[in-house]
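Take a look at the letters that make up each chain.
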Amino acid sequence: KERGGKGIFLAPMRSLAKEKIDDWTNPKHHFNDLKLSICTGDFRLTADRKKELEESDIILMTNEMLNSRIRNYKSEHNEFLKQVGTLVIDEFHMISAQFRGNHTEIGLVKFCELCPNARIIMLSATMPNVKELSEWVSYNLTGKETYLLQSNYRPCPLSIHYEPYYDGKSYEDNEYAKIAAALEIVNEYPDDKFLLFVHTKKTGELLKKALKAEKIECEFHYADLESEKRFKLEARFKEDKDLRVLVATSTVAVGCNLPARRVVILGVHRGLSEVATYDITQEIGRAGRPLYDPRGDAYVLLPYSDFEAHKTRLKRPQRIVSQLLDNTGGQYKVLAFHLVSEIHHGGIETIDDIHNWYSKTLASFQDQELDNVIVDKTIESLIKSGIIYVEDDKFKATAIGKVSSMFYYPPFDVVDFKRNLEFIFENNMQNDDFWLSIALGNVDSQRMNIISKAEKEEINSYAKKLELKNCFTGKINASAIKAGYVYYLLLTGGFNELFASQIR
């Protein structure tokens, strides 16, 4: 209000953006006289929407949406971005999240080029190397002084308790041990509201069943629920005194304000992988929120066999590092995704341009070397796949590259779509739901997904039909078949609870 210009608030999840809209449009809030807009992935950028964004005082976006709008700034005529005077990035530690953090990093680089005079505010309660990140902003992005404000202040004092559970020989034994330990804590404080975090849906269902058996009113908040159902559950937990326990996956771990006097985190593993320390810290931070409780208590359940090692790990937060050079699967697909867009829009034409572009990134500031081997390998794979080509010693985007850039889609997925759909049309099978479903499912990013034993059993008949039809050339892996099955459900109006989140 004082500095003028638009404000953009970046939230890591759509649900958090909606929560802010609900809060800021309240007649009692000092933003209630401002025009607010929400621009997330579930809103199409129509002419009316663009006009709304141009007239708004504050725009709420996800990190990916800002990066998408900036990369297509010229082609979409997104002039509203030039009017931004203040950018607030909430949960800034997410810049270190695999598969997501790179969108924040590159979006911020491009934003600073487009709006050099905007004030940038980065918020986080879980970043250890904040001095390094503030120096990156000053030296690589803005060339201006950056203020680092650190505080241990919390409106509601928070106590953290590390509690052991006796881990057995089997995975199932461990889950039941965690549930028993959580129930003991819940029963110890019968007058308090609890938020119980689980790291798998199966554990959540088992925990809910165990709570119901002890006549404790509870509900389960998880990603497979429709967003409207999740919002209603959150509202009910706030308003209904009888709903004492909310079991949840990470869906309410970031930014949500709920009346949970106490939080219990059931273990620090998701499958065989350890949950990142900043994710655990976020879950801990849901205990004792302003407006609801005077203080909070969080209980982290740790396996007895490695109790001290896990406790030490959690007390020493993970350093926030760039994920731009992630090479999961042996390819630099994150780097490729951003290079294609820069090539399409003319920001990169040569190898030297790539290094100049990279020099502004957090990855570069953290001394992650972009050597010639990485550059050559990435450019070679993009050329070989028909995503870019060289003309007069300059990189150019093919139709595939342009589609990837404009629609914010992984370039190697677009390559697969082109190949699969050509096959479909050449064989006049475009009206066959089965053939179309596998054409959509058998793409690069879907092949990288995880498939559970239960999911394999559910897609068995679909997979057998695929074998009989001998669809496409080469072997299609189980993850791609799962994606094909989900598309088949969508195309035929079917539904399977096990795949609810993928269907959505």
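Scroll up for the structure.
A.B. asks: Tell me about the pairing of strand β3 (residues 58-62), and please be specific about residues and values.
C.D. replies: In terms of burial, β3 is largely enclosed, as five of its five residues are buried. Here β3 shows no split at all, with I58, L60 and T62 on one side and I59 and M61 on the other all buried. Summarising the sheet, strand β1 (residues 6-11) and β3 pair through five bridges and their orientation is parallel. Considered in β3, the bridge of I8 is made with I59. Bridge count between strand β2 (residues 36-39) and β3: four bridges; the pairing is parallel. Counted as the bridge partner of L36 is I58 from β3.

A.B. asks: Break down the nonpolar core for me, with residues and values.
C.D. replies: The biggest cluster of nonpolar side chains holds 37 residues, and the ones touching the most others in it are I8, M61, L87, L108 and W136. In terms of nonpolar packing, the next biggest core, distinct from the first, is built from 28 residues, V334, V340, W357 and V375 among them.

A.B. asks: Can you break down helix α9 (residues 227-239) residue by residue, with the values?
C.D. replies: The terminal C-alpha atoms of α9, which comprises 13 residues, lie 19 Å apart, in line with the 18 Å expected from a rise of 1.5 Å per residue. All of the buried residues along α9 are R230, F231, L233, E234 and F237. Taken end-on, α9 shows its buried residues confined to a sector of 160 degrees, consistent with a single buried face. Facing away from the buried side of α9, by more than 90 degrees, are the exposed residues K229, K232 and E239.

A.B. asks: Go over the pattern of salt bridges, please, and point to the residues and values.
C.D. replies: Applying the stated criterion across every chain yields a total of 25 salt bridges. For K333, the salt bridge is made with D444, and the minimal N-O distance between the two is 2.9 Å. With a gap of 111 residues between them, K333 in helix α12 (residues 333-344) and D444 in helix α19 (residues 444-447) connect regions that are remote in the sequence. Where salt bridges share partners, they join K208, E217, E219, R236 and D240 into one cluster.

A.B. asks: Give me the packing of aromatic side chains: which residues, what numbers.
C.D. replies: With the rule as written, the count across this model stands at 13 aromatic pairs. Note on F337 and Y408: the rings are 5.1 Å apart at their centroids and 90 degrees apart in plane angle, and the pair reads as edge-to-face. Residue F337 is located in helix α12, and its partner Y408 is located in the loop between α16 (399-406) and α17 (411-426); the two are separated by 71 residues in the primary sequence. Neither residue differs from the other here; F337 and Y408 are each classed as buried. Geometrically, the ring pair formed by Y485 and F499 is edge-to-face, given 5.2 Å between the ring centres and 65 degrees between the ring planes. Of this pair, Y485 sits in helix α22 (residues 478-492) while F499 is found in the loop between α22 and α23 (500-503), placing the two residues 14 residues apart along the sequence. The class of F499 is buried, set by a relative accessible area of 0%. Put simply, the rings of F434, Y462, Y485, Y488 and F499 pair up and form one aromatic cluster. Looking at R71, its charged tip hangs above the ring of F337, at a distance of 4.6 Å from the centre.

A.B. asks: A description of the pairing of strand β15 (residues 394-397) should follow, citing residues and the corresponding values.
C.D. replies: Consecutive side chains along a regular strand alternate between the two faces of the sheet. A one-sided burial pattern is seen for β15, the buried positions being F395 and A397 and the unburied ones K394 and K396. Sheet topology note: the strand β14 (residues 388-391)/β15 ladder contains four bridges and is antiparallel. Residue pairing for β15: E391 is matched across the bridge by K394. Linking β14 back to β15 in an antiparallel pair, the connection comprises two residues, with D392 at a positive phi of about 55 degrees.

A.B. asks: Let's hear about the sheet that holds strand β13 (residues 296-303): which residues, and what values?
C.D. replies: The strand order β6-β13-β10-β7-β9-β8 describes an open sheet built from six strands, whose pairing is parallel. Sheet topology places β6 (158-165) and β8 (218-221) at the edges, where each strand pairs with a single neighbour. Direction aside, neighbouring strands of the sheet carry axes that sit 20 degrees apart on average. Contacts between helix α8 (residues 201-213) and the sheet are confined to β7 (194-197), β8 and β9 (245-248), with β8 contributing the most and set at about 175 degrees to the helix.

Conventions we followed
Residues numbered from 1 in each chain as written. Predicted model: local features only at pLDDT ≥ 70, side-chain atom pairs only at ≥ 80, totals over all residues. Heavy atoms only, no water. Buried < 20%, exposed > 50% of the residue type's maximum accessible area, 1.4 Å probe, protein only. Helix = DSSP H or I, 4+ residues; strand = E, 2+ residues; numbered from the N terminus. Pairing = 2+ DSSP bridges. Core = buried A, V, L, I, M, F, W, Y, C linked by side-chain atoms within 4.5 Å. Expected span 1.5 Å × (residues − 1). Arc of directions from axis to C-beta. Salt bridge = Lys/Arg side-chain N within 4 Å of Asp/Glu carboxyl O. Phe/Tyr/Trp six-rings, centres within 6.5 Å; stacked < 30°, edge-to-face > 60°. Lys NZ or Arg CZ within 6 Å of the ring centre and 35° of its normal. Axes fitted to C-alpha atoms, helices over the stretch in contact; angles between N-to-C directions. Contact = heavy atoms within 4.5 Å.

Don't take any of this as a statement about function, it's just geometry.
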